[in-house]
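This is what each chain is made of:
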Amino acid sequence: MRILVTGGAGFIGSHLCERLLSEGNEVICLDNFFTGRKQNIIHLLDDKKFELVRHDVTEPILLEVDQIYNLACPASPVHYQYNPVKTVKTSVMGMINMLGMAKRVHARILQASTSEVYGDPLIHPQTEDYFGNVNPIGLRSCYDEGKRVAETLMMDYNRQNGVDTRIVRIFNTYGERMLENDGRVVSNFVVQALRGQELTVYGDGSQTRSFCYVSDLVDGIIRLMNAEAADIHMPVNIGNPGEFTMNELAEEVGKCVGREIKIRYLPLPQDDPKQRKPNIERAKSLLDWNPKVPLAEGLEKTVNYFRALIDSPKATNTKA
Ligand code: NAD
Ligand code: UDP
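Residues numbered from 1 in each chain as written. Chains lettered and ligands numbered in written order. Predicted model: local features only at pLDDT ≥ 70, side-chain atom pairs only at ≥ 80, totals over all residues. Heavy atoms only, no water.

### Considerations on helix α6 (residues 185-194)
- Taken across its 10 residues, α6 has 9 buried, putting it largely inside the fold.
- Within α6, burial applies to Val186, Ser187, Asn188, Phe189, Val190, Val191, Gln192, Ala193 and Leu194.
- Lining the buried residues of α6 we find β7 (173-174), β8 (199-202), α8 (246-257) and α10 (295-311).
- Looking one or two residues past α6, Gly196 carries a phi angle of roughly 70°, positive in sign. (Buried < 20%, exposed > 50% of the residue type's maximum accessible area, 1.4 Å probe, protein only. Helix = DSSP H or I, 4+ residues; strand = E, 2+ residues; numbered from the N terminus. Contact = heavy atoms within 4.5 Å.)

### A look at the site of ligand 1
- Around ligand 1, 30 residues are found, and the nearest of them are Asp31, Thr35, Tyr143, Thr173 and Arg184.
- Note that an oxygen atom of ligand 1 is positioned 2.5 Å from one of the side-chain N or O atoms of Asp31.
- Between ligand 1 and Lys147, the relevant distance is 2.8 Å, taken from an oxygen atom to a side-chain nitrogen or oxygen of the residue.
- The fraction of the free accessible surface of ligand 1 (820 Å²) that becomes covered by protein chains is 97%. (Near = heavy atom within 4 Å. Polar contact = N/O pair within 3.5 Å; in protein donor to acceptor, adjacent residues only side chain to side chain. Areas by Shrake-Rupley, 256 points an atom, 1.4 Å probe, with all protein chains shown as cover.)

### Side note on the sheet that holds strand β2 (residues 26-31)
- Taken in spatial order, the 7 strands line up as β3-β2-β1-β4-β5-β6-β11 in an open sheet, and their pairing is parallel. The sheet is open, and its two edges are formed by β3 (50-54) and β11 (236-238), each paired on a single side. Across this sheet, the average inter-strand angle for adjacent strands is 20°, counted without regard to direction.
- Pairing of strand β4 (residues 67-70) with strand β5 (residues 108-114), which is carried by 4 bridges, proceeds in the parallel orientation. The partner of Ile68 across the bridge, within β5, is Ile109. (Pairing = 2+ DSSP bridges. Axes fitted to C-alpha atoms, helices over the stretch in contact; angles between N-to-C directions.)

Right, dumping it as structure tokens:
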């Protein structure tokens, strides 16, 4: 198949491109390099089945493909709040452009949605039928509401135009190729611990998240893209239900790095969700999917990646 991956030079996108190529597909990776890097996909550039297109999804583009994975969108709060108007445009106009393409060429399309559509959830764990508790006017809204409109567009193009759609709600995912200065909690803690710095815990560290290792996530979204079922167009949670407070995560990172860690408590950002854990019954029954990599194992791989990056003489996180 010929497959388009938007945001393909980013953290998750680069792992997805790699997997799709290894399964014998042709892959077109489209990215504007806002948070993605050529370095992430440089090892794929010699593959005849791989093509890289520098393009912004907010602009229309004509391509002929069989499947579209729409991942283009900054995911770290630091990055999506850098230019919030652009974040909304990326989710909404990007989604319309990709759905227009899917409609024109009869491609199947998967949207990378997020657990953020549940906002600061009042039910726990979160099931797909929960409508969420999202602030429409806060600092996180450009991301949360952008992704919610993207889901609406997916459902309406499906109902109105018969576009073959899939929606994955991704819970916190981590692993190799996260940016060193990404701002998300796993990369922050790992980099701080490796440098012997204090770990920055926001708030009192009692808020929880559930962390999914990137290979499990990629496996889940490929399964969803290729699954068939009567209700397959409805959203599916993909995440690891193992739930940790940020204080517990800091301890886990300390153990993995092999250092005594010190914590610096900083103010909690606005609208920071207090708890988050996926109910994955739907993914289990529809996709026969279960995460395999526990936090300690995934953290070890992530620590090894950042250790090599930090120890390297060219230790940079600059864009290629
Ligand atoms: P990332 O920031 O590493 O990747 C996003 C990619 O999209 C980058 O390569 C970036 O350059 C590209 N991009 C951004 N705006 C673009 C635009 N206008 N046009 C073209 N390319 C653009 O983030 P990630 O963690 O790999 O996330 C990938 C997707 O998964 C995102 O849609 C994100 O919202 C979703 N997601 C991720 C997580 C997570 O924990 N990593 C959780 C929920 C949802
Ligand atoms: N967080 C933290 N220290 C950091 C970065 C983040 O304590 O250096 C917290 C953040 O306040 C949130 C959790 O870790 O409660 C997860 O944050 P992240 O930005 O990784 O993801 P999201 O909030 O989008 O789930």
